[in-house]
Amino acid sequence: MAKEEKGLELSGKEMVALAGSIAIYLSCKLTPREVCLMRTFFQSLASNLSTIEFTDTVCKSREN
């Protein structure tokens, strides 16, 4: 089965729990400045993934 078809195999609830667990773990191990830097990094990552997702959606709709 292709990766596109298989997906992440995580439910929405599992993804939220995982994100929360990672955030708690990192906040305990990092200084407040490092937490801020990580927040900026992950916001940038999310923004870039959104752009890629949108571009892919637009390109696929134009193919049809």
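Worth saying up front: this structure is predicted, and the values here are computed from it rather than measured.

**Q** Can you lay out the overall build of the chain for me, pointing to particular residues and giving the numbers?
**A** Assigned secondary structure in the chain consists of 3 helices and 0 strands. Moving toward the C terminus, one meets the helices and strands of the chain in the order α-α-α. Relative to the compact-globule value of 11 Å for 64 residues, the chain shows a C-alpha radius of gyration of 16 Å, a clear excess of over 25%. Across its three principal axes, the chain shows a C-alpha extent of roughly 50 × 25 × 15 Å. When burial is assessed residue by residue, the chain has 0% of its 64 residues classed as buried. Accessible surface computed for the chain: about 6000 Å², of which carbon and sulfur atoms make up 63%. Side-chain charges of the chain comprise 8 positive and 8 negative groups, with the mean position of each set lying 9 Å from the other.

**Q** Report on the packing of aromatic side chains, specifying residues and quantitative values.
**A** In the structure shown here, the tally under the stated rule is 1 aromatic pair. Ring centres 5.1 Å apart and planes at 70° place the aromatic pair Phe 41 and Phe 42 in the edge-to-face group. Given the relative accessible area of 39%, Phe 42 is considered partly exposed.

**Q** Pulling in residues and values, what's your account of the environment of Pro 32?
**A** Checked against the element boundaries, Pro 32 lands in helix 3 (residues 32-63). Since its relative accessible area comes to 73%, Pro 32 is described here as exposed. Here the alpha-carbon distance between Pro 32 and Cys 59, two residues 27 residues apart in the chain, equals 41 Å.

**Q** Describe the confidence of the model for the chain, and please don't skip the residues or the numbers.
**A** Considering every residue of the chain, the mean pLDDT works out to 86; 91% of them sit at 70 or more. Within the chain, helix 2 (residues 12-29) carries the highest mean pLDDT (92), whereas helix 1 (residues 3-6) carries the lowest (61).

**Q** I'd like to hear about a nonpolar patch on the surface, residue by residue, with values.
**A** On the surface, a nonpolar cluster with roughly 470 Å² of combined accessible area is contributed by Leu 8, Leu 10, Met 15, Leu 18 and Ile 22. Structurally, Met 15 can be placed in helix 2. You can call Met 15 partly exposed: its relative accessible area is 40%.

Basis of the calculations
- Residues numbered from 1 in each chain as written.
- Predicted model: local features only at pLDDT ≥ 70, side-chain atom pairs only at ≥ 80, totals over all residues.
- Heavy atoms only, no water.
- Helix = DSSP H or I, 4+ residues; strand = E, 2+ residues; numbered from the N terminus.
- Rg over C-alpha atoms; globule rule 2.2 N^0.38 Å.
- Buried < 20%, exposed > 50% of the residue type's maximum accessible area, 1.4 Å probe, protein only.
- Areas by Shrake-Rupley, 256 points an atom, 1.4 Å probe, with all protein chains shown as cover.
- Lys, Arg positive; Asp, Glu negative; His and termini not counted.
- Charge placed at Lys NZ, Arg CZ, Asp CG, Glu CD.
- Phe/Tyr/Trp six-rings, centres within 6.5 Å; stacked < 30°, edge-to-face > 60°.
- pLDDT = per-residue confidence, 0-100.
- Patch = residues over 30% accessible without salt bridge, like charges linked within 9 Å, V, L, I, M, F, W, Y side chains within 5 Å.
- Salt bridge = Lys/Arg side-chain N within 4 Å of Asp/Glu carboxyl O.

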